[in-house]
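Chain by chain, the residues:
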Amino acid sequence: MKVLFRTLLVFIAASAFFLLPTQSHANSLNPQKEVLSSWLLTSKDKNQLDAIAKDFEIVSKTGNNFEIYVPHAKEQQFKKLAPRAVLKSQDISRELNLAIKKDPNYLSGYRTFAQVQAALQTLAAQHPQFVHLSQIGISDEGRPQWVLKLSDNAQNDEEEPELMITAATHGDEIITTETTLRFVEELVAGYGTNKRITNIIDNNEIFFIPVVNPDGFTKRERYAAGRDPNRDYPWPEKEQRVSVPCIDNLIKFFHSRNIVGSIDFHAFGELVMYPWAYSRQAPDSADQLIFANLANQMSEINAYTAGQISQVIYIAKGSSADYYYWKNNTIAMAVELTRSKAPNSDQIPRILDETREMTLRFLENF
């Protein structure tokens, strides 16, 4: 009987071990799903809007009308700040889920995280002279973060301008990853045959990070570890902020290089923007002129709205563009692509056309 009892205990312990999620996948197996609601507020009260922007994400502005994303757990806090706000959507992911249910091929042109990784690895394997792939860290749930370097001598560092293009900081903005990856594939295909592309790659070191937030991207969820990753960088008023792992990894990579120019692709809004975001104060006059001229050049063809982040949308403390400009005087742009975070697959070629010339002009600027 004792032998049988000990055997049973061993069996139960072993079964429990295999049923437990590993640390790297614990959050992905958690049945609780991130839910954000969308609210509309009409307001001219800057004190009210400043208080909202401190804790919530103001995502768009049309005149005095603002759209704000609110985690369900913070809805009561938000309603106290904005009692006249009107609920637009109880779950911002609902629209995409309904579109997929209606059209099973809605996302057929988008790659999964595994397919994005495979595409990057294939490019690096097939073109080792001017394509180099490396890992900058792992996410909160254990997924790798990749950076792909394009340069005429990609395996080595040269005295050339270092530029960085990032996408999918918000995991639900999947159009940014697909557009960025297709743009990279065009650059690779055109190197050596297209003079303009060849000059860009020969004279720069360009670092592409197509998925900043792999956990959110995989689950089509906006945030990372429950926090807004584009409000999670340190900023001049909060220098000691500790960022979530995917942003902390990106910050460390940024400081390992000398990035003189950057684009952080987001969606949506058709905007080309620059610092400051944390303050209404403009950059100093010389930098303001550089930013404004470049933003206007980038938006000339696609007619995107150009301007300072805190003026075009609203104050956003902890953004990537502010951090890069603050820490390295980087010409850091934030671009909001198109009118949807995940438009139908048949719209991807059109959005790539919107993005291509704008991005080429940015890369040629340095």
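What you see is a predicted model, and the numbers here were worked out from it, not measured in a lab.

**Q** Would you mind showing me how to read the environment of Ile313 here?
**A** Here Ile313 shows up in the loop between helix H12 (309-312) and helix H13 (320-328). Owing to a relative accessible area of 7%, Ile313 belongs among the buried residues under this scheme. Through-space distance from the C-alpha of Ile313 to that of Ser151 is 35 Å; in sequence the pair is 162 residues apart. Excluding its chain neighbours within four sequence positions, the residues that come into contact with Ile313 are Ile58, Val59, Ser60, Lys61, Phe66, Leu271, Met273 and Glu336.

**Q** Is there a simple way to think about the sheet that holds strand S1 (residues 36-42) in this case?
**A** Remark on secondary structure: sheet strands pair via backbone hydrogen bonds, oriented parallel or antiparallel. Read from one edge of the open sheet, four strands run S2-S3-S1-S4, paired in antiparallel fashion. For this open sheet the edge positions go to strand S2 (57-62) and strand S4 (86-89), each flanked by a neighbour on one side alone. Strand-to-strand twist of the sheet, defined as the mean angle between neighbouring strand axes without regard to direction, takes the value 30°. Of the strand pairs in this sheet, S1 and strand S3 (residues 65-71) are connected by seven bridges, and their pairing is antiparallel. Within the sheet, the bridge partner assigned to Ser37 lies in S3 and is Val70.

**Q** Help me understand the side chain of Ser310 in this model?
**A** Tracing the chain through its elements places Ser310 in helix H12. On the basis of relative accessible area, Ser310 is assigned to the buried category, the value being 5%. Of note is the side chain of Ser310, whose polar atom sits 2.8 Å from the backbone oxygen of Ser279. Here the side chain of Ser310 touches Gln308 through a polar contact of 3.1 Å, side chain to side chain. Excluding anything up to four places from it in sequence, Ser310 contacts Trp276, Ala277, Ser279, Arg280 and Ile315.

Cut-offs used in this document
Residues numbered from 1 in each chain as written. Predicted model: local features only at pLDDT ≥ 70, side-chain atom pairs only at ≥ 80, totals over all residues. Heavy atoms only, no water. Helix = DSSP H or I, 4+ residues; strand = E, 2+ residues; numbered from the N terminus. Buried < 20%, exposed > 50% of the residue type's maximum accessible area, 1.4 Å probe, protein only. Contact = heavy atoms within 4.5 Å. Pairing = 2+ DSSP bridges. Axes fitted to C-alpha atoms, helices over the stretch in contact; angles between N-to-C directions. Polar contact = N/O pair within 3.5 Å; in protein donor to acceptor, adjacent residues only side chain to side chain.

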